[in-house]
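Structure at a glance
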Amino acid sequence: MDPISMIVGALVAGSSAALKDTANQAVKDAYSGLKTLVIHHWKNRGSGENDQLEQEAKVLISNLEDDPETFLVPVEKKLSELIPEPPADLIDQARSFYELLDKSGFDTGKYNVTVQRGKGVQVGDNNTQINKF
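Below is a summary of the structure that appears in this document. Values in this document were obtained by computation on a predicted structure and should not be read as measured data. (Residues numbered from 1 in each chain as written. Predicted model: local features only at pLDDT ≥ 70, side-chain atom pairs only at ≥ 80, totals over all residues. Heavy atoms only, no water.)

1. A few points about the nonpolar core
Counting 31 residues, the largest nonpolar core has Leu11, Leu34, Val38, Trp42, Leu79 and Phe97 as the members making the most contacts within it. At the level of elements, helix H1 (3-18), helix H2 (25-43), helix H3 (51-66), helix H4 (68-82) and helix H5 (88-101) are the ones that each hand at least two residues to this core. In contact with leucine 79, other than residues within four places in its own chain, are Ile4, Ile7, Val8, Val38, Trp42 and Pro84. (Core = buried A, V, L, I, M, F, W, Y, C linked by side-chain atoms within 4.5 Å. Buried < 20%, exposed > 50% of the residue type's maximum accessible area, 1.4 Å probe, protein only. Helix = DSSP H or I, 4+ residues; strand = E, 2+ residues; numbered from the N terminus. Contact = heavy atoms within 4.5 Å.)

2. Things to note about the pattern of salt bridges
Using the criterion set out here, one finds five salt bridges in the structure. One salt bridge connects aspartate 92 with arginine 95, and the closest N-O pair in it is separated by 3.6 Å. Of this pair, aspartate 92 and arginine 95 both sit in helix H5, three residues apart, which is roughly one turn of that helix. Arginine 95 sits in the partly exposed class, given a relative accessible area of 37%. Overlapping salt bridges, with partners in common, bring together Lys43, Glu54 and Lys58 in one network. (Salt bridge = Lys/Arg side-chain N within 4 Å of Asp/Glu carboxyl O.)

3. Regarding H2
Structurally, the α-helix is built with 3.6 residues per turn, so residues lying three or four positions apart point the same way. Its 19 residues give H2 an end-to-end C-alpha distance of 27 Å, which sits within 8% of 27 Å, the value for a rise of 1.5 Å per residue. Every buried residue of H2 is listed here: Val27, Ala30, Tyr31, Leu34, Leu37, Val38, Ile39, His41, Trp42 and Lys43. Between the side-chain oxygen at the start of H2 and the backbone nitrogen of alanine 26 there is a gap of 3.1 Å, and the oxygen is on asparagine 24. (Expected span 1.5 Å × (residues − 1). Polar contact = N/O pair within 3.5 Å; in protein donor to acceptor, adjacent residues only side chain to side chain.)

4. Focus on the packing of aromatic side chains
Here the structure, examined in full by the defined rule, presents one aromatic pair. Geometrically, the ring pair formed by tyrosine 31 and phenylalanine 97 is tilted, given 6.0 Å between the ring centres and 40 degrees between the ring planes. On the criterion of sequence distance, the pair formed by tyrosine 31 in helix H2 and phenylalanine 97 in helix H5 is long-range, its members being 66 residues apart. Just as tyrosine 31 is buried, phenylalanine 97 falls in that class too. (Phe/Tyr/Trp six-rings, centres within 6.5 Å; stacked < 30°, edge-to-face > 60°.)

5. Description of the side chain of glutamate 54
With respect to the element layout, glutamate 54 can be found in helix H3. Glutamate 54 gets classed as buried once you look at its relative accessible area, which sits at 18%. Not counting residues up to four positions away in its chain, the partners in contact with glutamate 54 are Ile39 and Lys43.

6. Let's talk about the side chain of histidine 41
Its place among the elements puts histidine 41 in helix H2. One polar contact links histidine 41 to aspartate 89, side chain to side chain, over a distance of 3.1 Å. Setting aside residues up to four positions removed in sequence, histidine 41 forms contacts with Ile83, Pro87, Asp89 and Leu90.

Here it is, written out as structure tokens:
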């Protein structure tokens, strides 16, 4: 999984897991830390801090939490433009968050996926797909 997709995927997974009443405090704290780090790198890309970019990040991430299907692509696209090569701390935070959510999946290599020249590929559990090529 490329780093940007992993980061955005962690935000989506976090929004559904951490915002539930049943989520434990570790999940809530890890998700909050991931969001904070994404916003930090989003607003500090290029030359110095940018309050407009910070606000944009907060709005898009909030929208992603509310409607992941609609806002997944726009957040991924914007993050790719602003941070084409995410720093190691951001990648590590996303990976750690995934691991916190599904330790057994990480231990078995469930998330180590490589797809090359794929068409209509889905990765994950319980998917449904109809292809028309």
